[in-house]
Structures are given as structure tokens and as C-alpha cells.
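# Structural characterization, general
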Amino acid sequence: MSDHVLVINTGSSSLKYSLVDAASGKAAASGLVERIGEPEGHHRHRGPQGEKQTTRRFASHEDALRAAVDAFETQGPSLDDVEIAAVGHRVVHGGSRFADPALVDDELVAAVTDLVPLAPLHNPANLEGITVARRLFPDLPQVAVFDTAFHQTLEPHAYTYAVPAEWLKDHGIRRYGFHGTSYAFASEQAARLLGRDLAELNLIVLHLGNGCSAAAVRGGESVDTSMGMTPLEGLVMGTRSGDLDPAVHAHLVRELGWSMDEIDHALNFESGLKGLAGENDFRELSRRRAAGDVRAQLAFDVYCYRIKKYVGAYYAVLGTVDAIVFTAGVGQNSAEMRATSLAGLERLGIQIDESRNTASADEGRAVSAADSPVAVLVIPTDEEWEIARQALNCVRSTDHSGG
Ligand code: ADP
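Thresholds applied
Residues numbered from 1 in each chain as written. Predicted model: local features only at pLDDT ≥ 70, side-chain atom pairs only at ≥ 80, totals over all residues. Heavy atoms only, no water. Helix = DSSP H or I, 4+ residues; strand = E, 2+ residues; numbered from the N terminus. Rg over C-alpha atoms; globule rule 2.2 N^0.38 Å. Buried < 20%, exposed > 50% of the residue type's maximum accessible area, 1.4 Å probe, protein only. Domains from an automatic or database assignment. Contact = heavy atoms within 4.5 Å. Buried area = accessible area lost by both parts, 1.4 Å probe. Salt bridge = Lys/Arg side-chain N within 4 Å of Asp/Glu carboxyl O. Polar contact = N/O pair within 3.5 Å; in protein donor to acceptor, adjacent residues only side chain to side chain. Nonpolar A, V, L, I, M, F, W, Y, C, P; charged D, E, K, R; others polar. Near = heavy atom within 4 Å. Areas by Shrake-Rupley, 256 points an atom, 1.4 Å probe, with all protein chains shown as cover.

## A few points about the overall build of the protein chain
If you tally the helices and strands in the protein chain, you get 15 helices and 14 strands. In terms of overall dimensions, the protein chain is globule-like: its C-alpha atoms have a radius of gyration of 21 Å, near the 22 Å expected for 403 residues. Across its three principal directions, the C-alpha atoms of the protein chain cover 60 × 55 × 45 Å. Each of the 403 residues in the protein chain was classed as buried or not, and the buried ones make up 51%.

The structure is reproduced here in C-alpha cells:
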């Protein structure tokens, strides 16, 4: 039986896909369609014959997925030759309902639709991806893999906000957490790198990409995480504020006459590094900072300081820590950010080795000093592989239970 899974990750105007061998993690082909619905869209397909780019209008997500299927036909590998075991969909919000990946059926679609109010920026696009993939691949099992699922192990004291109790009971207002597939992947890889059993490890994992979050992971299970009901809470991100006094909303409404939509937009898309320095690309921010740009320096300082506060908090939550794990674009690549965020924590047993930290490598590696009681690891995340693995496991376990 084939181990290949077609992984689909849909955004409001983009569709990312990857044909992944769930056993090895190797992608036979992958691609991205961007600016769906705009006059000029862009499609990049990378397969055995190299990369091909196409620019044209993609009217809808269905149009984009059809373009992907055509690219498999013309540029390979042909989907007729590769037996696909499942289609795996990234779904951002699974609420309290989904602690595991689940087979897509009408009931699941209805449940994910019910969760749209909790994730209005993400779940509608994910649903669109599911709908068009079911239309195009009616005979393949489809699996939804939820970003929130990994954090369903949080205990009530960690996920409950101190607000009127009915808010949780009647409206589902609580901490859910995100980036779950990345945490599952990075935690397992960390255990492998340390040569230890994940069940006996306490980890602080920092997923620092465009979106950023932290998680305290005990024995492979999430005990706390910095994102909340939505992916806005917690660390400073590319364009999101992270933690903010909730009274700022009322102030902006009352004193400046802002609407809730304006505030929501500003905090999700105009804040974070972009808000502080006018730049959300960390590479460019680093270049400007090196050239003495004061705004870029402040943005960097605020970003690293917030990480340090969460490391301290999760250290206290876990009691002992075996490793701090950096992953995703910024986490994997910015040695300066790692060094600054963890500076001064030597008394907590956290010591970075400068030459290891600044050495460039694509592999998972330790960047801590050899005698640092707490290991500091850099692990390249691979959310597509993790989605493929989880989707395949889901299909196979369902096959068994169904007889
Ligand atoms: P996403 O959340 O979209 O998956 P990524 O994990 O790809 O994002 O992370 C994107 C971020 O990583 C961007 O801010 C980018 O500037 C940053 N990044 C990528 N490469 C480097 C690098 N070499 N040095 C510093 N930052 C980097």
C-alpha cells in the first residue's frame, strides 16, 4: 500500500500542496498558488523535472487545485502513477471537539463550519480547500489535521481565562493553542536528537515563523501554550501584536472611535514587527538593525524580551527543563535572536555555545554548550510531513476499526 499523502494547506487567497511520502518525509512534488481571485495569480510547481512558474488569473480555489492537478500531469509525477493513500488537510481550528486528526465527512464539515466564529480568518479557507478536494478526488479518503489538536491535553487551569464562567460554557472562550503539527514534529525530533524517550522529557518549544508561539511540552504532551482562543495572543509575531492589555480595545473604541473590525485588522495585520519597524521579514529587519536602524533594534528587542518572559514562565510551569527547542523560519535561522532571547539565563542552566549557534546547518542540532544542563536545540520543522504521517495513521486506524 502506498504511503503517499497529498497535503493541502489553504489560505484565504493561496493554496499550498505537497505530495509527501509519509514514511520518509520526502516530497515527490510540491507547489503553491498565490493571489487566488486577483487579476494576476502565480503558480509554482516543483517536481522531478525542476520548477515551473505560471502567471495567470486563478478565479477560485477550485481553479487553483485543478492547476495543481494539471501540473502533476504535465510536469510530474503523474497522479495516476503514484497511488495516493489520502489527502491531508491542515485545518487551523478544531475547538474542543478535535483532539486527533479525523476523516472528512459531512459531519466534520459541519463541525468545522460551526467553529468559524472562533477562527474567522482561517477556517473558511480551510473548508474551501476541503470542499474542492472532495470534488476533485471523490474516491480518496480525506483527513483533517488540526493545529489545535496537540494542545487538547491542556488542563483546565491552563486553558481557562479568568472571565465570567459562562463565556467558556456558552461561547467556547478559552485557550486552544495552535502550531500543533509543528510541536508534535519538533518534540519527536528533539527526543531523537537527544537520544532519549520523549515520554521522559520536559521541553520548551518555540515556533517562530511569521506566526510565533511557545509551548511547554511534558512527556510529549502540551501543558501550556502562548496562543489562545485565536492565534493573536502570546509572542510578538511578524504582523500580530501578541499579548496586549485587553483594555486597549475599549480605549481605541471610546477615545478614537475605532470599529472592532479596524482594531482586529490592526492587531492581526499591522502590528508585531511590522507595526514597530514597518517590516515583518526578519531577514530584512536584521539587515536594518545591523546598519544601526533604531526602530529595527527596538522591534528586535521587544521580540526577544517577550520570548525570554515565556521561557521563564514555562520553566516554572515544567519545574525542570531538558531542552529548549527553536523551530520555523526565524527560530531556525536567527542565531542573534536565539542568543539574545536566552542571554542571562545561565543560572537556569541555559548556556548557548556561540560558535555552534552561529554555524549554519540545515539539520537538527544542539547549539548549547557541551556542559549546559539544559540543551538548546534547533530543529527544522516539517509540518507537511507531520500532516502526512497523521493523515495516513488516521486512515489506517480507521480501516482497522472498520474491519
Ligand atoms: P510561516 O509561518 O509562513 O511558515 P516561516 O516559518 O517560513 O513562516 O518563517 C518566515 C520568517 O522566517 C520570516 O520572517 C523570514 O524573514 C524568517 N527567516 C527566513 N530565513 C531567515 C534567515 N536566514 N534569517 C532570519 N530570518 C529568516
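## Comments concerning the domain arrangement of the protein chain
One can read the domain layout of the protein chain as domain 1 (4-146) and domain 2 (196-383). Each of domain 1 and domain 2 has a C-alpha centre, and the two are 28 Å apart. The partner domain 2 presents 6 residues to the 5 residues of domain 1 that form the contact. For the domain 1 face of the interface with domain 2, the top three residues by lost area are Leu118, Leu121 and His122, together amounting to 69%. Counting across the interface, domain 1 meets domain 2 through 0 salt bridges. If you look at where domain 1 meets domain 2, you find 1 residue pair in polar contact (both at pLDDT 80 or more). Within the side of domain 1 that touches domain 2, the residues separate by chemical class into 2 nonpolar, 3 polar and no charged.

## Observations concerning the site of the ligand
Within the structure, the ligand sits among Gly209, Asn210, Gly211, Asn280, Asp281, Phe282, Arg283, Ala328, Gly329, Val330 and Asn333. Separating an oxygen atom of the ligand from a backbone N or O atom of phenylalanine 282 is a distance of 2.9 Å. When the ligand is considered free in solution it has 580 Å² of accessible area, and contact with the protein chains removes 67% of it. Take the shell around the ligand: its biggest share by element is 4 residues, from helix 12 (residues 328-333).

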